[in-house]
Amino acid sequence: MISFSIKEILVSIGYAAGYGVAYSAIFSLCLLIRALIFSLSNILSDIFKFEKIVPLPSFKKHIKLSERGAIFSFLSVIIFALGFILISYFALDGVIRVYMLFFAFAAFYLSKFVLFDFLNKIFVWFFDKLLMLLCLLLRISFAPIRSLFKFVKSRVKYFLRAIK
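A brief look at the structure comes next.

Calculation criteria
- Residues numbered from 1 in each chain as written.
- Predicted model: local features only at pLDDT ≥ 70, side-chain atom pairs only at ≥ 80, totals over all residues.
- Heavy atoms only, no water.
- Helix = DSSP H or I, 4+ residues; strand = E, 2+ residues; numbered from the N terminus.
- Rg over C-alpha atoms; globule rule 2.2 N^0.38 Å.
- Buried < 20%, exposed > 50% of the residue type's maximum accessible area, 1.4 Å probe, protein only.
- Contact = heavy atoms within 4.5 Å.
- Areas by Shrake-Rupley, 256 points an atom, 1.4 Å probe, with all protein chains shown as cover.
- Lys, Arg positive; Asp, Glu negative; His and termini not counted.
- Charge placed at Lys NZ, Arg CZ, Asp CG, Glu CD.
- Core = buried A, V, L, I, M, F, W, Y, C linked by side-chain atoms within 4.5 Å.
- Polar contact = N/O pair within 3.5 Å; in protein donor to acceptor, adjacent residues only side chain to side chain.

1. Description of the overall build of the protein chain
Piece 1. Scanning the protein chain for helices and strands turns up 4 helices and 0 strands.
Piece 2. Beginning at the N terminus, the succession of helices and strands in the protein chain can be written as α-α-α-α.
Piece 3. Compactness check: the protein chain gives a C-alpha radius of gyration of 26 Å against a globular reference of 15 Å for 164 residues, more than 25% above the reference.
Piece 4. Once the C-alpha set of the protein chain is aligned to its principal axes, its extents read approximately 95 × 30 × 20 Å.
Piece 5. Split into buried and exposed, the 164 residues of the protein chain put 27% on the buried side.
Piece 6. The long-range fraction of contacts in the protein chain, counting pairs at least 24 apart against all pairs at least 6 apart in sequence, stands at 82%.
Piece 7. Accessible area for the protein chain stands at about 11600 Å²; split by element, carbon and sulfur atoms hold 76% of it.
Piece 8. In the protein chain, 20 side chains carry a positive charge and 7 a negative one; their mean positions are 18 Å apart.

Right under this line is the structure:
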């Protein structure tokens, strides 16, 4: 059994904690991007299918950050394990220690629940307000064209009825 000095153990704990925080940031970002991609079709339909200008679409209505697919969960576990093995090789010459795994998990969950869930809520709020502003501008700019199109469509229908 290989024994390590206190300095090497403390450095390995620091690497494990740093890896947990970094993985938490990447994991939270991937969750946000996944939620944005899966809600994109609903949001685009809300943007372009409207009767009135005022009820604006909202990301908060469509984005569900808590939902994860089986493939996403499987890949996240595999990537975490591979990264942990690489950190073990970097910190302790390939010796995998349980305390490093404990500190990596603790740093992951602590930073995810304390920091990155809060940051995800801020990003969703920011994207929601940005979407509302862009949608309002689009709807105001397209409202005259849309009303002109409806007017021409009704006149064409009226003309076609008159011909029959």
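Structure shown, so let's carry the discussion forward.
2. Things to note about the nonpolar core
Piece 1. Of all hydrophobic cores here, the largest spans 16 residues; its most connected members are Y19, Y23, F27, L92 and M100.
Piece 2. Elements with a contribution of two residues or more to this core: α1 (6-48), α3 (70-92) and α4 (98-163).
Piece 3. At 6 residues, α3 tops the list of elements feeding residues into this core.
Piece 4. Once you skip the residues sitting within four places of it in the chain, F27 turns out to touch R68, F72, S76, F108 and K112.
Piece 5. Ranked by size, the runner-up nonpolar core spans 9 residues in total, among them A35, I47, V124 and L131.

3. Things to note about the side chain of S39
Piece 1. Note that S39 resides in helix α1.
Piece 2. Of note is the side chain of S39, whose polar atom sits 3.2 Å from the backbone oxygen of L36.
Piece 3. If near-sequence neighbours (up to four positions away) are discounted, S39 is found in contact with F59, H62 and I63.

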